[in-house]
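Reading the structure
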Amino acid sequence: MADNQPDKNGDDTGVGENRGISVLQNGISVLLSFSAEEPQLGVTDIAARVGLHKSTVSRILATLQQAGLVERAADSRRFQLGLGVIAMAGPLLADLDVRRVAHPVLRELSRRTEETAALMLWNGSEAVCVEQVPSRHEVKHTTPLGTRYNTAASSSVQVFLAQLPAYTARALLTNGTLVFPGLDDAALEAYLTRLDESHEQGYATNYGETSLQEVGVAAPVFDHRGEVAAAVLASAPRFRVSPEQLPVLGEAVRAAADQVTRRLGGHGPGATTATDS
């Protein structure tokens, strides 16, 4: 019997499996269309983002709504992620030792700097916020849980790229995975040099490069193998951080990241441990 042809009983397993995978992929695409920047979207918005017909998107949203993964926004025909997403993420977040270990350090960093402190993880193409302690100031920059950064100038993205082999960082920049406006050969080489410099000083900065009104400073957290496990990020409105104050904030963030590293039982690359020969 040829592949994907129904047998004499009418079964069409191959086609059915492919159709099921396609439906699953479409559902995932719809869920991923929501972001911290755009937490509420209409059917038309989602259809444009995922490349599906509005009727297909409506059916997917109805299914996701039944599962509690999306919900209608109050007083609106738009949709937003539902509490079911948190329930799904709960076991993962509970198992993130670095998140649990980092929280008191983030709290102290936020208290000392009076700015927002966050913990970022790398998913291979983006820096993702998994913990945050917001600034007590009324005017502040926040990094809500689930926020994803894929802009090369983001300080947390710089931290993760600085720990990768140069050819890997170069590929992420040149293949469009990371956003880098005006990328050319000269800009690429200058950026890779910048990564080396941030690696040497122990923290990376974003002084109004992704948003004129925001400042971000990030430093790496290392695990027991000396590999980067996370990044500690401090973010603030630009008017509260002068260029002269930036190194002070950078040292505070680096000290916090070093503390999280120690609490994890980790060490920086090249450092020896008691079991090293």
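This structure is a prediction, so every number in the text was calculated from the model and none was measured.

Rules and cut-offs
- Residues numbered from 1 in each chain as written.
- Predicted model: local features only at pLDDT ≥ 70, side-chain atom pairs only at ≥ 80, totals over all residues.
- Heavy atoms only, no water.
- Helix = DSSP H or I, 4+ residues; strand = E, 2+ residues; numbered from the N terminus.
- Buried < 20%, exposed > 50% of the residue type's maximum accessible area, 1.4 Å probe, protein only.
- Contact = heavy atoms within 4.5 Å.
- Areas by Shrake-Rupley, 256 points an atom, 1.4 Å probe, with all protein chains shown as cover.
- Polar contact = N/O pair within 3.5 Å; in protein donor to acceptor, adjacent residues only side chain to side chain.
- Pairing = 2+ DSSP bridges.
- Axes fitted to C-alpha atoms, helices over the stretch in contact; angles between N-to-C directions.
- Parallel < 35°, antiparallel > 145°, perpendicular 65-115°, else oblique.
- Nonpolar A, V, L, I, M, F, W, Y, C, P; charged D, E, K, R; others polar.
- Patch = residues over 30% accessible without salt bridge, like charges linked within 9 Å, V, L, I, M, F, W, Y side chains within 5 Å.
- Salt bridge = Lys/Arg side-chain N within 4 Å of Asp/Glu carboxyl O.
- Core = buried A, V, L, I, M, F, W, Y, C linked by side-chain atoms within 4.5 Å.
- Phe/Tyr/Trp six-rings, centres within 6.5 Å; stacked < 30°, edge-to-face > 60°.

1. Some words on the overall build of the chain
Helices and strands together make up the secondary structure of the chain, namely nine helices and eight strands. Counting over 277 residues, the chain shows a buried share of 38%. Here the contacts in the chain between residues at least 6 apart in sequence split such that 53% fall between residues at least 24 apart. Here the chain displays about 15400 Å² of accessible surface, and carbon together with sulfur accounts for 52% of that area.

2. Details of the side chain of asparagine 206
Of note, asparagine 206 is situated in strand E6 (residues 204-207). Of the residues examined, asparagine 206 reaches a relative accessible area of 7% and is grouped as buried. A distance of 2.9 Å separates a polar side-chain atom of asparagine 206 from the backbone nitrogen of glutamate 209. For asparagine 206, the residues in contact, after removing those within four places along its chain, are Ala153, Ser154, Ser155, Glu214, Val215 and Gly216.

3. Section: the pairing of strand E3 (residues 116-122)
Within a regular strand, the side chains alternate between the two sheet faces. Extensive coverage of E3 is indicated by the burial of six of its seven residues. In this sheet, strand E8 (residues 228-237) lies alongside E3 in antiparallel orientation, the contact comprising five bridges. Across the sheet, residue alanine 117 finds its bridge partner in E8, namely alanine 234. Judged from the six bridges that link them, E3 and strand E4 (residues 127-133) form a sheet pairing that is antiparallel.

4. What about the packing of helix H2 (residues 43-50) against helix H3 (residues 54-66)?
Axis separation between H2 and H3 bottoms out at 9 Å; the angle between their running directions is 110°. Between H2 and H3, the angle falls in the class roughly perpendicular. Contacts between H2 and H3 involve Val43, Thr44, Ile46, Ala47 and Val50 from the former and Lys54, Val57, Ser58 and Leu61 from the latter. Its residues placed into classes, the contact of H2 with H3 shows six nonpolar, two polar and one charged.

5. With respect to the pairing of E4
Burial analysis of E4 places seven of its seven residues in the buried class, the great majority of the element. The turn joining E3 and E4, which pair antiparallel and follow one another in sequence, is formed by four residues; a positive phi near 105° is taken by glycine 124. Strand direction decides the pairing type here: E4 and strand E5 (residues 148-149), joined by two bridges, are antiparallel. Looking at the pairing, alanine 127 lines up with tyrosine 149 of E5.

6. Description of a nonpolar patch on the surface
Residues Leu24, Ile28 and Leu32 make up a contiguous nonpolar surface patch of about 300 Å² in total accessible area. With respect to the secondary-structure elements, leucine 32 resides in helix H1 (residues 13-32).

7. Structural notes on the nonpolar core
With 28 residues, the main nonpolar core has Leu119, Val232, Val253 and Val260 as its most contacted residues. Contributing elements (two or more residues each) for this core: helix H5 (97-113), E3, E4, strand E7 (214-222), E8 and helix H9 (246-263). Ranked by the residues each element gives to this core, the list is headed by H9, at seven residues. If near-sequence neighbours (up to four positions away) are discounted, valine 232 is found in contact with Leu106, Leu109, Ala118, Leu119, Val217, Ala218, Ala219, Val221, Val253, Ala256, Ala257 and Val260. Counting 23 residues, the second largest nonpolar core, distinct from the first, contains Val157, Leu188, Tyr191 and Leu195.

8. Things to note about the sheet that holds E3
Overall, antiparallel pairing links the six strands, which are arranged E5-E4-E3-E8-E7-E6 in an open sheet. The strands lining the two open edges of the sheet, one partner per strand, are E5 and E6. Against the sheet, H5 engages E3, E4, E7 and E8, with an angle of about 150° to E3. Along the sheet face, helix H6 (residues 155-162) touches E3, E4, E5, E6, E7 and E8 and points at about 30° away from the line of E7.

9. Description of the packing of aromatic side chains
Tallied over the full model, the rule gives two aromatic pairs. Here tryptophan 122 and phenylalanine 160 contribute two aromatic rings whose centre-to-centre distance is 5.4 Å and whose plane-to-plane angle is 25°, an arrangement assigned as stacked. Remark: phenylalanine 160 occurs in helix H6 and tryptophan 122 occurs in strand E3; sequence separation between them is 38 residues. Taking the relative accessible area as the measure of exposure, phenylalanine 160 reaches 2% and is therefore buried. Note on phenylalanine 180 and tyrosine 191: the rings are 5.3 Å apart at their centroids and 70° apart in plane angle, and the pair reads as edge-to-face.

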